[in-house]
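One-letter residues, chain by chain:
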Amino acid sequence: MILAAALQGDAQQWYETGSRQLDEGAFHKAAVSLEKALVQAGKDEALKGQVFRKLAYTFNASGDQERAAQNLYEAFGAFSKAGRQDDARHVLLEYGQAFYNLQDYEKAEQVFKQALSLAHAAGDTLIEVHTLRSYAAMLLEKEPPRKTDVQAAIEMYSRVADDLHYPLSCTDMGALSYAYSVLGQPGDVRYWMHKAKESCESKADRQALSFREYQVYARSGEADKALQALESVMRAENRNNDAALQSAVSRAREDYLKDQATLAREQVRSARLSRLALALLFLAILGSVVLYFMARKLATEKALAEEKALAERYLGTAEDLQNRLGAVSKQLLNAGSEKNDLLERLCEQYYIYEGSSDEKLQKNILKEVRGTIDALRNDPKTLLALEKSLNERSGGAVEQLRAQFPKFKEDDFRLYVLAASGLSSTTIATLLDKEKSVVYNRLSRLRNRIADSAAPDKARFLEILG
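A brief report on the enclosed structure follows. (Residues numbered from 1 in each chain as written. Predicted model: local features only at pLDDT ≥ 70, side-chain atom pairs only at ≥ 80, totals over all residues. Heavy atoms only, no water.)

What follows deals with the overall build of the chain. A count of helical and extended segments in the chain gives 20 helices and zero strands. Out of the 466 residues in the chain, the part that is buried amounts to 39%. Considering only contacts in the chain between residues 6 or more positions apart, those separated by 24 or more positions represent 58%. Total accessible area on the chain stands at roughly 27100 Å², and carbon and sulfur atoms take up 53% of it. (Helix = DSSP H or I, 4+ residues; strand = E, 2+ residues; numbered from the N terminus. Buried < 20%, exposed > 50% of the residue type's maximum accessible area, 1.4 Å probe, protein only. Contact = heavy atoms within 4.5 Å. Areas by Shrake-Rupley, 256 points an atom, 1.4 Å probe, with all protein chains shown as cover.)

Structure representation (structure tokens):
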């Protein structure tokens, strides 16, 4: 547990280091740090979800959108396992947006539909709104645009604004203007473009709106205005690329110096962890040895207890048979009488040597009892003698039972004779080689069958059965 906690602490530190490097634009170093955090996160699914999501952001920022999508999927799985459904739904939306960026519209549509279903079921309005907006924008990206997709996109924006009461953004309004241009509705085109220009605040929004303007003007045949809008988009992209390049160059030396200090700290930490791991390994081995001997002791005690319980069961059965067979000893044949005498002798030996510490002697007695009971179990003369005695004492009840229940199996008559002869459930279970619960169930069914029958002597049969 101590080692797991130490590894988890290191995983958190690597995660924070990778997040900081991502914010600073050191994408390669951020990926390395986050991969280390992932290795040491172990079974902490919540932390693994966070690491996968940061890795996705890192790969996306460095232009590797396919790996970004893969890590978003892993993050979705980890958050789902951790029970963090809010995070899982958010990452699923980002997963769909990643396919949107890769222009894999078919896959993006599948993911968006799944995200909408989960968000609607959970009452997560915010995720539902963002999914609808991304889904609608994606439908408008298909070339050539289909009217069914365009109408679906308009309906999605309408649901966001009218049903979910969420304000449309500048880019949403620009997308609506383009959608109506595809449908050939110039009045709606001008209305939404005007509203979009009024609501734009950031440079990114104005850049996105310039692209929509280019699409609208190009579709309406206004070439000059379309070219002017496209040039505006290209200038904005060039400025963004130059700023990113300058930022990357200025940070190169700073990243190098920081990494030198980080490497020194990690070497010290690794040495400490190695010593800690050796100490924990020694404790684990010692604990395993102690647990092994404790387990052996418990297993030995359990085996002795089971053997004692089995011995008591067989000897109790022998004593019960001794009492019952004694009452009908005259009707047992020579083999049966010998078995009766043998049981009596065995029981006497058991009680004489009950307190003896000679385990071998006790085992020999138990072996003889088992052998005798097995012989009685397989000898039909024993059951015939019990049935004959019961028949005589009950005025021919067994013969009448056989006559009035011709469909009974021989096992049913055997069970009736044993129970009606007064043998205990333990003895019956031993002789039939069944569990006591099975004997109880069979006796219950036997009583019910007799009670529910139309046999004239059923009351007498049940009374004898007791």
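This part takes up the environment of Arg414. Locating Arg414 in the fold gives a position in helix H17 (residues 410–420). Separated by 18 residues in the primary sequence, Arg414 and Leu432 have C-alpha atoms spaced 9.3 Å apart. The contact partners of Arg414, leaving out residues within four places of it in the chain, are Leu383 and Leu432.

The full count for this structure, using the stated rule, is 18 salt bridges. One salt bridge connects Lys142 with Glu109, and the closest N-O pair in it is separated by 3.6 Å. Pair noted here: Lys142 is in the loop between helix H7 (125–139) and helix H8 (147–163) and Glu109 is in helix H6 (residues 105–122), with a separation of 33 residues, a long-range link. Each member of the pair Lys142 and Glu109 is classed as buried. Note that Asp149 and Lys142 form a salt bridge whose closest N and O atoms lie 3.7 Å from each other. One exposure class covers both Asp149 and Lys142, and it is buried. (Salt bridge = Lys/Arg side-chain N within 4 Å of Asp/Glu carboxyl O.)

Here helix H3 (residues 45–61) is 17 residues long and its end C-alpha atoms lie 24 Å apart, about the 24 Å a rise of 1.5 Å per residue gives. Counting buried residues in H3 gives 13 out of 17 residues, a clear majority hidden from the surface. (Expected span 1.5 Å × (residues − 1).)

Residues Val51, Met138, Leu140 and Tyr157 are the most contacted members of the largest nonpolar core, which totals 67 residues. When sequence neighbours within four positions are dropped, the list of residues in contact with Tyr157 reads Arg133, Ala136, Ala137, Leu140, Leu168, Asp172, Ala175 and Leu176. Ranked by size, the runner-up nonpolar core spans 26 residues in total, among them Leu401, Phe413, Ala419 and Ala420. (Core = buried A, V, L, I, M, F, W, Y, C linked by side-chain atoms within 4.5 Å.)

A separate point is helix H18 (residues 425–432). Burial analysis of H18 places six of its eight residues in the buried class, the great majority of the element. Every buried residue of H18 is accounted for by Thr427, Ile428, Ala429, Thr430, Leu431 and Leu432. Trailing H18 by a residue or two, Asp433 shows a phi angle of about 60°, which is positive.

Time to look at the packing of helix H9 (residues 170–183) against helix H10 (residues 186–199). The interhelical angle for the contact between H9 and H10, taken along N-to-C directions, is 165°, at an axis separation of 8 Å. Our classification of the angle between H9 and H10 gives roughly antiparallel. Where H9 crosses over H10, the two elements pack in a sense that is left-handed. Across from Cys170, Met173, Gly174, Leu176, Ser177, Tyr180 and Ser181 in H9, the residues of H10 making contact are Asp188, Val189, Trp192, Met193, Lys195, Ala196 and Ser199. Each residue belonging to the contact of H9 with H10 can be placed in one class, and the counts come to eight nonpolar, four polar and two charged. (Axes fitted to C-alpha atoms, helices over the stretch in contact; angles between N-to-C directions. Parallel < 35°, antiparallel > 145°, perpendicular 65-115°, else oblique. Left-handed = near helix turned anticlockwise from the far one by under 90°. Nonpolar A, V, L, I, M, F, W, Y, C, P; charged D, E, K, R; others polar.)

Roughly 820 Å³ of volume is contained in the largest pocket. Surrounding the largest pocket, 29 residues form its lining, Tyr100, Asn101, Ser134, Ala137 and Thr171 being those nearest its centre. Among the elements of the structure, H3, helix H4 (65–82), helix H5 (85–101), H7, H9, helix H11 (203–220) and helix H12 (223–327) are those that each provide at least two residues to the lining of the largest pocket. Here the lining of the largest pocket is composed, by residue class, of 15 nonpolar, eight polar and six charged. (1 Å grid on protein atoms, 1.4 Å probe; cavity = no way out; pocket = protein on both sides within 12 Å on 5 of 7 lines; lining within 4 Å. Points joined across faces, edges and corners; volume = space filled by probe spheres on them.)

This part covers unusual backbone geometry. Cis rather than trans, the peptide bond between Glu143 and Pro144 has omega equal to -10°. When you line up the elements, Pro144 lands in the loop between H7 and H8. Even without glycine at this site, His165 takes up a positive phi of about 55°. Looking at where His165 falls in the secondary structure, it is placed in the loop between H8 and H9.

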